[in-house]
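# Summary of the model geometry
Residue strings, one per chain:
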Amino acid sequence: MGVHVILDIDPRGIDEAEWAATYEETLALVSAWQPRLLGWGWRAIEGVRVRVPMYMRSLGRDVDDPKRARWHVVGDRDSLQTAEGQVFYRDLGRYAAQLGECPDGDIVVTAAMPDRGDTSGPVRVFSGRTRGYPYHFAVLAAAMLIEERFPQHAMVWGEIDRGQVEQARRLSAPLLGRELPLPVRVDAPRLIERLRARYAAGALFGAFKRVFLGEAGERYEAVLRVFPGEDAAKEWQRALRAFAESRSQASSDAVRLVIAWLNAGRGLREACRLACLAPEGPRISPEEFIGILASTWVAVPPPAHGPLSALCKPLETPHPTASWCGALFLDATMTGRRLRIHIEPAALSADLSAVFGDRGPALAEQLREESAKLEAQLRELADDTNTILAEIGGAASDTTEALAALCSAEAMGPQQRTWVRAMAWRAAKALARLRDGDPKMAGILDDAAQGKRLLAELLIERQFLLTEDAWDGVLAEREPEVVAWWIALVGLRASELDASEVCRAFLENAELRAYAMAIGRDEAAMREIGELAGTESAGGE
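Analysis parameters
Residues numbered from 1 in each chain as written. Predicted model: local features only at pLDDT ≥ 70, side-chain atom pairs only at ≥ 80, totals over all residues. Heavy atoms only, no water. Helix = DSSP H or I, 4+ residues; strand = E, 2+ residues; numbered from the N terminus. Polar contact = N/O pair within 3.5 Å; in protein donor to acceptor, adjacent residues only side chain to side chain. Contact = heavy atoms within 4.5 Å. Buried < 20%, exposed > 50% of the residue type's maximum accessible area, 1.4 Å probe, protein only. Core = buried A, V, L, I, M, F, W, Y, C linked by side-chain atoms within 4.5 Å. Salt bridge = Lys/Arg side-chain N within 4 Å of Asp/Glu carboxyl O. Lys, Arg positive; Asp, Glu negative; His and termini not counted. Pairing = 2+ DSSP bridges. Axes fitted to C-alpha atoms, helices over the stretch in contact; angles between N-to-C directions. Parallel < 35°, antiparallel > 145°, perpendicular 65-115°, else oblique. Nonpolar A, V, L, I, M, F, W, Y, C, P; charged D, E, K, R; others polar. Expected span 1.5 Å × (residues − 1).

## With respect to the side chain of aspartate 351
Considering the arrangement of structural elements, one finds aspartate 351 in helix 15 (residues 345-356). At 2.6 Å, the side chain of aspartate 351 and the side chain of arginine 269 are in polar contact. Ignoring anything within four residues of it in the chain, the contact list for aspartate 351 reads Leu268 and Arg269.

Here is the structure:
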């Protein structure tokens, strides 16, 4: 599981010169992006025999070689958050060599074919996990630009939705001087028209659902919106019948279908008729359907579920993995949070009586009672939810990953401070041992030039990945004390993720490093941390 922006193409319909021109346009876009992005590459370091991998300020690689020219993006320079690299080559021939099948001349039509294993295109350009980090939107905007240039032969997809692509469009518009069109797989009306030319009415629904991208329930809502009248209603009815036959009518799938119906602006009376009375089924009993309807929260006053709306992902953001897992849990247990409408009790009673006649008042009372129970449960959850959200809000920024870009040591959270103090203590103890050990090592530690050569070798050996700015800072450092402290730090066994992230922060963030070094010179602080660690030898090498 992860957050991906995927770009697939069919090179057979793309002109090489137009592809190269599009490459230059996307390179200009990602190079001008705010926040500024991090590239990936290798650089020669004086005194080091091998080229060193690092996060680069420039995004273009091998720009003077048309066959190898590419941009490579891995993160951004403000947060210093990095994930998998996204690479785009100038040479179309690199992708033509990987060519897969594309039975139809339209890449989206091919992706929607029912006999294909997935909904991918013939050739993958990039698909690395962005983890929802800030550079996610830059990669998405670049992919959207490519689809704009080659609409029949390029396709953007992945864990994206309409909210995300609209955000990417807003962020890219000032840089491009225009708004990019939405990718067709999140634009329901355009997608329908695209598929309609190739798929007969009976197959069109299935083709649309296979390739449309959206959150849970959005596919059926989109179908109900873009297919007016009975066609979409029959498709909705078939889906509800399938759920009713295979599992409990109160399942989250059935609830989600009714939510999609209501969110699409379809009437409650028609939903009741199709679900309960239509000869073709599913012939759910009215009482069972009221149970489903109650679970949509349609009769729960909006203020009662207001706090839970904060648990919904903002429309313009991608799901990080933890959020995705949380959303799956909430969709299974609190599906009603997806409903965007509320029907007043009098209108509900009128609708139920219009469909079910004399049974209407009793069904309305059942709906009222079940909704009242849900309302009471939600109100009880409200305080707990607000407490959890407050804790999550603090914990979200109090991570060791965020230390490298922290604006000041005073801004650290409790967890960050604990890790920083612990690693500062370990580094100070390790440095003392190095100075008291081999006299030759002590001499290296007192000479900044020799120390930097050793430090560079250690960084490469221990596979520390730093930004180009951090490497420049290391190479420019003239104080032997600082270089010696870095050597002791890098020599630590930082196998835990938190420990390794703190080490990186001490190399990237000068203020945080100064704070940590000051701890080593503070006898009282060292004694206190040593006591907390259990013994002064704890954490030693």
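## Quick look at helix 21 (residues 480-490)
Here helix 21 lies mainly inside the structure; nine of its eleven residues are buried. Buried residues in helix 21 make contact with helix 17 (414-436), helix 18 (439-445), helix 19 (448-461), helix 20 (468-476), helix 22 (497-508) and helix 23 (510-521).

## Quick word on the nonpolar core
Trp19, Trp71 and Leu195 are the most contacted members of the largest nonpolar core, which totals 111 residues. Counting residues per element, this core draws most heavily on helix 4 (residues 135-149), at eleven residues. The residues contacting leucine 195, other than those within four sequence positions of it, are Val108, Val109, Ala112, Leu204, Ala207, Phe208 and Val211. Residues Val52, Val483, Trp485 and Ile487 belong to the second largest nonpolar core, which totals 60 residues.

## So, the pattern of salt bridges
Applying the stated criterion across every chain yields a total of 36 salt bridges. Where glutamate 24 meets arginine 90, a salt bridge forms, and the shortest distance between an N and an O atom there is 3.3 Å. Taken together, the positions of glutamate 24 in helix 1 (residues 16-32) and arginine 90 in the loop between strand 6 (82-89) and helix 2 (93-96) put the pair 66 residues apart, joining distant regions of the chain. With a relative accessible area of 27%, arginine 90 lands in the partly exposed category. For arginine 421, the salt bridge goes to glutamate 528, with nearest N and O atoms at 3.5 Å. Here arginine 421, found in helix 17, pairs with glutamate 528, found in helix 24 (residues 523-533); they are 107 residues apart in sequence, far enough to count as distant.

## Comments concerning unusual backbone geometry
The step from glutamine 34 to proline 35 runs through a cis peptide bond, and the omega angle for that step is 0°. Take proline 35: it is sitting in the loop between helix 1 and strand 2 (37-43). With an omega of 20°, the peptide bond running from glycine 281 to proline 282 counts as cis. Structurally, proline 282 can be placed in the loop between helix 11 (268-277) and helix 12 (286-295). Positive phi is not limited to glycine here, since leucine 80 has a value of about 60°. Positionally, leucine 80 belongs in the loop between strand 5 (70-76) and strand 6. Leucine 80 sits in the buried class, given a relative accessible area of 12%.

## Concerning the side chain of aspartate 398
Relative to the helices and strands, aspartate 398 resides in the loop between helix 16 (360-397) and helix 17. No salt bridge is formed by the buried aspartate 398, whose closest oppositely charged neighbour, arginine 417, lies at an N-O distance of 8.3 Å. Separated by 2.8 Å, the side chain of aspartate 398 and the backbone nitrogen of glutamine 415 make a polar contact. For aspartate 398, the side chain forms a polar contact with the main-chain nitrogen of glutamine 416, separated by 2.9 Å. With sequence-adjacent residues up to four places away left out, aspartate 398 is seen in contact with Gly413, Pro414, Gln415 and Gln416.

## Thoughts on the pairing of strand 1 (residues 5-9)
Every regular strand shows the same layout, with side chains that alternate between the two sheet faces. Counting buried positions along strand 1 yields five of five residues, so the element is predominantly enclosed. Covered by surrounding structure in strand 1 are Val5, Leu7 and Ile9 together with Ile6 and Asp8, the residues of both alternating faces. Pairing of strand 1 with strand 8 (residues 154-158) involves five bridges; the strand directions are antiparallel. Residue pairing across strands places valine 5 opposite glycine 158, the latter belonging to strand 8. Relative to strand 7 (residues 123-126), strand 1 is paired through three bridges, and the arrangement is antiparallel. If you follow isoleucine 9 over to strand 7, its bridge partner there is valine 123.

## Examining the packing of helix 17 against helix 21
Where helix 17 meets helix 21, the closest approach of the two axes is 8 Å, and the angle between their N-to-C directions is 105°. For the element pair helix 17 / helix 21, the angle class is roughly perpendicular. Between helix 17 and helix 21, the contacting residues are Ala427, Ala428, Ala430, Leu431, Leu434 and Arg435 on the first element and Ala484, Trp485, Ile487, Ala488 and Leu489 on the second. Here the residues of the contact of helix 17 with helix 21 sort into ten nonpolar, no polar and one charged.

## So, the packing of helix 23 against helix 24
Here helix 23 crosses helix 24 at 90°, and the two axes come no closer than 5 Å. As the angle between them shows, helix 23 and helix 24 are arranged roughly perpendicular. Where helix 23 abuts helix 24, its residues Ile519, Gly520 and Arg521 lie against Glu523, Ala525, Met526 and Ile529. For the contact of helix 23 with helix 24, a count of residues per class yields four nonpolar, one polar and two charged.

## Section: the sheet that holds strand 7
Judged by pairing direction, the sheet is antiparallel, and its three strands sit side by side in the order 7-1-8 without closing on themselves. With one partner strand each, in any of the chains shown, strand 7 and strand 8 form the two edges of the open sheet. Recorded for the sheet is a direction-independent mean angle of 35° between the axes of neighbouring strands.

## Quick look at helix 23
The terminal C-alpha atoms of helix 23, which comprises twelve residues, lie 17 Å apart, in line with the 16 Å expected from a rise of 1.5 Å per residue. Buried positions along helix 23 lie against helix 17, helix 21, helix 22 and helix 24. Two to three positions downstream of the cap, the backbone nitrogen of glutamate 511 sits 3.2 Å from a side-chain oxygen, assigning the N-cap of helix 23 to asparagine 509.

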